[in-house]
Amino acid sequence: RLGLGGPAFSLNDFHELSGRDGRLGSTIVQGAVDGNFTRFQIRGEWEQQHSGEFLYTAHYQQAGVHVTEKLTFNVQREQANVHVAFRPPMETKLPNGVVTKPTQAPSAGRSAYRLTRDVGIGANYAFRPNVVVKLEGHENKGSNYDRRAFNQPVGRYFISSLALSF
């Protein structure tokens, strides 16, 4: 089984976010692959949103090896980044009304920020096709949404789960 995906669409009507003509000109592009073969599996997704000077990119990759019919080992990596371009103002109006201009043209800049990076290893054991135990170990740098902590935690966490399907 191999699947590919890639919807792309544009958002152009965010009046509250734009200071110019009411049109932000946002574009979101997404792509995905999901392959499950006899001895291995691969999965991945990629997304990018571009809105004016704002660029958000997120992706994850997962690869697994079916050691036996019931046991699979997996590795995965995910990351999300934000880049913001900025241009300093050409003039500044002080509180006393005086307008100042720089002696030389200000240079544009770019600020980059990694929201999160998570790497993990795991094992799945299928007692039956509809009963699977999963064990995972992860290392996270950045925002860890699984813990609902948005303050840049760095650390390790573990997940164990039982998946049942009917």
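This text follows the structure it describes.
Calculation criteria
- Residues numbered from 1 in each chain as written.
- Predicted model: local features only at pLDDT ≥ 70, side-chain atom pairs only at ≥ 80, totals over all residues.
- Heavy atoms only, no water.
- Helix = DSSP H or I, 4+ residues; strand = E, 2+ residues; numbered from the N terminus.
- Contact = heavy atoms within 4.5 Å.
- Areas by Shrake-Rupley, 256 points an atom, 1.4 Å probe, with all protein chains shown as cover.
- Buried < 20%, exposed > 50% of the residue type's maximum accessible area, 1.4 Å probe, protein only.
- Polar contact = N/O pair within 3.5 Å; in protein donor to acceptor, adjacent residues only side chain to side chain.
- Phe/Tyr/Trp six-rings, centres within 6.5 Å; stacked < 30°, edge-to-face > 60°.
- Pairing = 2+ DSSP bridges.
- Salt bridge = Lys/Arg side-chain N within 4 Å of Asp/Glu carboxyl O.

## Things to note about the overall build of the protein chain
- Of regular secondary structure, the protein chain possesses zero helices and eleven strands.
- For the protein chain, the succession of helices and strands along the chain, N to C, is β-β-β-β-β-β-β-β-β-β-β.
- The contacts in the protein chain between residues at least 6 apart in sequence include a share of 44% that link residues at least 24 apart.
- Taken as a whole, the protein chain presents about 11,700 Å² of accessible surface, with 58% of it coming from carbon and sulfur.

## Describing the environment of Gly-137
- Take Gly-137: it is sitting in strand E10 (residues 131–142).
- Separated by 22 residues in sequence, Gly-137 and Ile-159 have C-alpha atoms that sit 6.6 Å apart.
- When near neighbours in sequence (up to four residues on either side) are disregarded, Gly-137 contacts Val-119, Gly-120, Ile-121, Tyr-157 and Phe-158.

## Digging into the side chain of Asp-118
- On the secondary structure map, Asp-118 appears in strand E9 (residues 109–128).
- On the basis of relative accessible area, Asp-118 is assigned to the buried category, the value being 3%.
- A distance of 2.6 Å separates a polar atom in the side chain of Asp-118 from a polar atom in the side chain of His-138.

## Thoughts on the side chain of Arg-117
- Tracing the sequence through the fold places Arg-117 in strand E9.
- With residues up to four places along the chain from it excluded, the contact list for Arg-117 reads Arg-77, Glu-78, Gln-79, Glu-139, Asn-140 and Lys-141.

## Considerations on the packing of aromatic side chains
- Considering all chains together, one arrives at two aromatic pairs under this definition.
- Seen in terms of ring centroids, Phe-37 and Phe-40 are 4.9 Å apart; in terms of plane orientation they differ by 35°. Their pairing is tilted.
- Owing to a relative accessible area of 32%, Phe-37 belongs among the partly exposed residues under this scheme.
- The class of Phe-40 is partly exposed, set by a relative accessible area of 39%.

## Topic: the pairing of strand E5 (residues 54–66)
- Two elements, strand E4 (residues 40–51) and E5, share twelve bridges in a ladder whose sense is antiparallel. By the bridge assignment, Trp-46 is partnered in E5 with His-59.
- Here E4 folds back onto E5 in antiparallel fashion, the turn holding two residues, of which Gly-52 has a positive phi close to 60°.

## Quick look at the pattern of salt bridges
- For the structure shown, the criterion picks out three salt bridges.
- The shortest N-O distance in the salt bridge between Asp-34 and Arg-43 comes to 3.3 Å.
- Since its relative accessible area comes to 23%, Arg-43 is described here as partly exposed.
- With its nearest N and O atoms 3.4 Å apart, the salt bridge here joins Arg-156 to Glu-139. In this pair, Arg-156 is assigned in strand E11 (residues 154–164) and Glu-139 in strand E10, connecting sequence segments 17 residues apart.
- It is possible to trace a salt-bridge network through shared partners that takes in Arg-117, Glu-139 and Arg-156.

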